[in-house]
Amino acid sequence: MKVIAHRGASAYLPEHTLPAKALAHAMGADYLEQDVVATRDEELIVLHDIHLDRVTNVADHFPKRARDDGRYYVIDFDLAELRQLRVHERVNADGAPVYPGRYPLSGEPFTLHTLAEELSFVRGLNKSTGRNAGVYPEIKRPAFHRSEGIDITTLFLNVLRAQGYTKASDPIFVQCFDAAEIRRIHNDFDCELKLVQLIGDNAWQESDTDYDELRSAAGIASMAEYVDGFGPWINQLVELDGDGKPVSTGLAERIHAAGCEAHPYTLRRDDLPPAFSRFDQALRFLRDELQVEAVFTDFPDLIRA
Ligand code: CA
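Residues numbered from 1 in each chain as written. Predicted model: local features only at pLDDT ≥ 70, side-chain atom pairs only at ≥ 80, totals over all residues. Heavy atoms only, no water.

Caption draft 1: The packing of helix α6 (residues 152-162) against helix α7 (residues 179-188), seen in detail. Their axes nearest at 11 Å, the elements α6 and α7 cross at an angle of 50°. Of the possible angle classes, the one that applies to α6 and α7 is oblique. In the packing of α6 onto α7, the handedness of the crossing is right-handed. Between α6 and α7, the contacting residues are Thr-153, Thr-154 and Leu-157 on the first element and Glu-181, Arg-184 and Ile-185 on the second. (Axes fitted to C-alpha atoms, helices over the stretch in contact; angles between N-to-C directions. Helix = DSSP H or I, 4+ residues; strand = E, 2+ residues; numbered from the N terminus. Parallel < 35°, antiparallel > 145°, perpendicular 65-115°, else oblique. Left-handed = near helix turned anticlockwise from the far one by under 90°. Contact = heavy atoms within 4.5 Å.)

Okay, structure coming up:
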């Protein structure tokens, strides 16, 4: 089972910073994840959110640049402005850390970087260490970017091509929650890269994709011709039987029956899926019962161990 470092070794260093990626690489992750959003000047940066305010000090630097909803949007800033910001551990709307046990909010000098810079960084680590980690970039919110006048997918695929990722055999998976965009990549771009359809929950409003329908056998089959794998939420794969024992919901089996891999997200020691009481119990269930091919985790070291 492959280990995908979710936003880097994000249990130990602020997510998506280059030190978090270096640590995940050293911990033996097979793939390093990059969430990708576009700036106003059509550069691509590695950040989980279209917003800046939960993981940077943007409000200190640019106090007048929030939209009417009070949020600061990456797409309202140029790359040169974003490079002035400091990145910190993720906080809630009230400023309290999402994971209180993780890296402290202490003003450390972490900064934002571009997708191209990170891909180059990973190649450098692979050369200097002699171990080859792959990359696992996600196109974030393509419909939102389009509504703001930016075709993020074209920019994204151009960067990957320029960085040497062109073939199905290259060590990369491209992921997206938006099924229409996955079909567009498959149909409209000359893209041979391996694709992964993420499966969200309709309540999250991540895209217009109907995830209830997508999880059905017909839904999985309808996307299987476009993708190599599916990235379901762990809680969509497991439920408790009458005795309180974790059992499969059948989704992992449907994915495998369609000839695709299952790469569930996200296994965390400090935020276990409700069906499990221990990290190793959850890991063994995914690996031995469901036989998933890969798992996203904030703790690449624990899975390796
Ligand atoms: Ca992601």
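Caption draft 2: A look at the pattern of salt bridges. Within this structure, the stated rule accounts for 25 salt bridges. Glu-117 serves as the salt-bridge partner of Arg-83, at 2.7 Å between the closest nitrogen and oxygen. Remark: Glu-117 occurs in helix α4 (residues 115-129) and Arg-83 occurs in the loop between α3 (79-82) and α4; sequence separation between them is 34 residues. Taking relative accessible area as the criterion, Glu-117 reaches 32% and is therefore assigned partly exposed. Here Arg-287 makes a salt bridge to Asp-288, at a shortest N to O gap of 2.8 Å. A relative accessible area of 41% means that Arg-287 is categorised as partly exposed. Each member of the salt-bridge network shares a partner with another, and the members are Arg-7, Glu-15, Asp-49 and Arg-90. (Salt bridge = Lys/Arg side-chain N within 4 Å of Asp/Glu carboxyl O. Buried < 20%, exposed > 50% of the residue type's maximum accessible area, 1.4 Å probe, protein only.)

Caption draft 3: Here's a closer look at unusual backbone geometry. Each neighbour pair has its own omega, and for Tyr-265 with Thr-266 the value is -20°, a cis peptide bond. Checked against the element boundaries, Thr-266 lands in the loop between β10 (261-262) and α12 (279-289). Residues other than glycine seldom take positive phi values, yet His-16 does so here, at roughly 65°. For His-16, the position within the fold is in the loop between β1 (2-5) and α1 (18-26). The exposure class assigned to His-16 is buried, which follows from its relative accessible area of 3%. Even without glycine at this site, Gln-205 takes up a positive phi of about 55°. Looking at the element boundaries, Gln-205 is found in the loop between β6 (194-199) and α8 (211-214). Classification of Gln-205 as exposed rests on a relative accessible area of 64%.

Caption draft 4: How the structure looks around the nonpolar core. With 97 residues, the main nonpolar core has Leu-52, Phe-156, Leu-160, Phe-230 and Leu-267 as its most contacted residues. Sequence-distant contacts of Leu-267, defined by excluding residues within four places in its chain, comprise Ile-234, Pro-273, Phe-279, Ala-282, Leu-283, Leu-286, Val-295, Phe-296, Thr-297, Asp-298, Phe-299 and Ile-303. (Core = buried A, V, L, I, M, F, W, Y, C linked by side-chain atoms within 4.5 Å.)

Caption draft 5: Local environment of the pairing of strand β4 (residues 134-139). Here β4 lies mainly inside the structure; six of its six residues are buried. Sheet topology note: the strand β2 (residues 31-38)/β4 ladder contains six bridges and is parallel. By the bridge assignment for β4, Leu-32 is matched with Val-135. (Pairing = 2+ DSSP bridges.)

Caption draft 6: Broad picture of the environment of His-186. For His-186, the location among the structural elements is in helix α7. Spatially, the C-alpha atom of His-186 lies 9.4 Å from that of Glu-225, the residues being 39 residues apart in sequence. In this view, His-186 contacts Leu-195, Glu-225 and Tyr-226; residues no more than four positions away in its chain are not counted. Engagement of the side chain of His-186 in a polar contact is seen with the side chain of Asn-187, the distance being 3.2 Å. (Polar contact = N/O pair within 3.5 Å; in protein donor to acceptor, adjacent residues only side chain to side chain.)

Caption draft 7: Broad picture of α6. By the burial criterion, the buried members of α6 are Ile-152, Thr-153, Leu-155, Phe-156, Leu-157 and Leu-160. Just downstream of α6, Gly-164 is the residue with a positive phi angle, here 95°.

Caption draft 8: The arrangement of the side chain of Asp-298 in detail. Its location among the elements puts Asp-298 in the loop between β11 (294-297) and α13 (300-304). For Asp-298, the side chain forms a polar contact with the side chain of His-6, separated by 2.6 Å. A distance of 3.1 Å separates polar atoms of two side chains, one belonging to Asp-298 and the other to Ser-10. Other than its neighbours up to four places away in sequence, Asp-298 contacts His-6, Ala-9, Ser-10, Ala-11, Tyr-12, Arg-102, Thr-266, Leu-267 and Arg-268.

Caption draft 9: Representation of the state of the cysteines. The tally for this structure, following the rule as stated, stands at zero disulfides. No disulfide involves Cys-176; its nearest neighbouring cysteine sulfur is the one of Cys-191, lying 12 Å away. Among the cysteines around Cys-260, which has no disulfide bond, Cys-191 carries the closest sulfur, lying 16 Å off. (Disulfide = S-S within 2.5 Å.)

None of this, on its own, says anything about what the molecule does.
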